[in-house]
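Structural overview for review
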Amino acid sequence: MAGCSKCGSNVLIHHARIIDHGAHNWEQDLSVKVYTAPFGLLFRGGVSGPLEATVCGACGFTELYVLNPRELVKAVEESEKVRREQPPREPGPWYWRCSNCHRMNAPSSKSCMDCSTSRPDSGS
Ligand SMILES: [Zn+2]
Ligand SMILES: [Zn+2]
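Thresholds applied
Residues numbered from 1 in each chain as written. Chains lettered and ligands numbered in written order. Predicted model: local features only at pLDDT ≥ 70, side-chain atom pairs only at ≥ 80, totals over all residues. Helix = DSSP H or I, 4+ residues; strand = E, 2+ residues; numbered from the N terminus. Buried ≥ 20, exposed ≤ 12 C-beta atoms within 10 Å, placed from the backbone. Contact = placed C-beta atoms within 7 Å.

**Comments concerning the overall build of the protein chain**
What the protein chain contains, in helices and strands, is 1 helix and 8 strands. Ordered by position from the N terminus, the helices and strands of the protein chain form the series β-β-β-β-β-β-α-β-β. Taking all 124 residues of the protein chain together, 6% fall into the buried category. Long-range contacts, defined here as pairs at least 24 residues apart, represent 38% of the contacts in the protein chain between residues at least 6 apart.

Rendered as structure tokens:
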């Protein structure tokens, strides 16, 4: 493997865990999370990806790696599928539905959060 991408040093500390102090001071691995349930549902399933770091022993530059990238990709694909098959019910009349991808968008957004189609009544 190549050395540090910043300074080129070969003194690298691999597999360092990044500790997050959560509620009650529990130590847990800092992680990313992909939600699998569509927007608007109360219960959102999700897949966590614990992060692991490679730290340069010379300059301190730290690169982050997710331990289970494939699981996260699967979760994203799953959530896309769920969203397509079961469009979320209207959370309220003030939300608006994208005419292009049928996503429900918050009243404050002027364009679709998924495909950037402009809001029909935004006047543009
Ligand atoms: Zn370095
Ligand atoms: Zn859209």
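**Details of the environment of T36**
Relative to the helices and strands, T36 resides in the loop between β4 (31-35) and β5 (46-56). Taking the number of C-beta atoms within 10 Å as the measure of exposure, T36 has 19 and is therefore partly exposed. With sequence-adjacent residues up to four places away left out, T36 is seen in contact with G45, G46, V47, A75, E78, S79 and V82.

**So, unusual backbone geometry**
Positive phi values are uncommon outside glycine, yet H15 reaches one of about 55°. Here H15 is to be found in strand β1 (residues 12-17). Its identity is not glycine, yet S116 carries a phi of approximately 65°, on the positive side.

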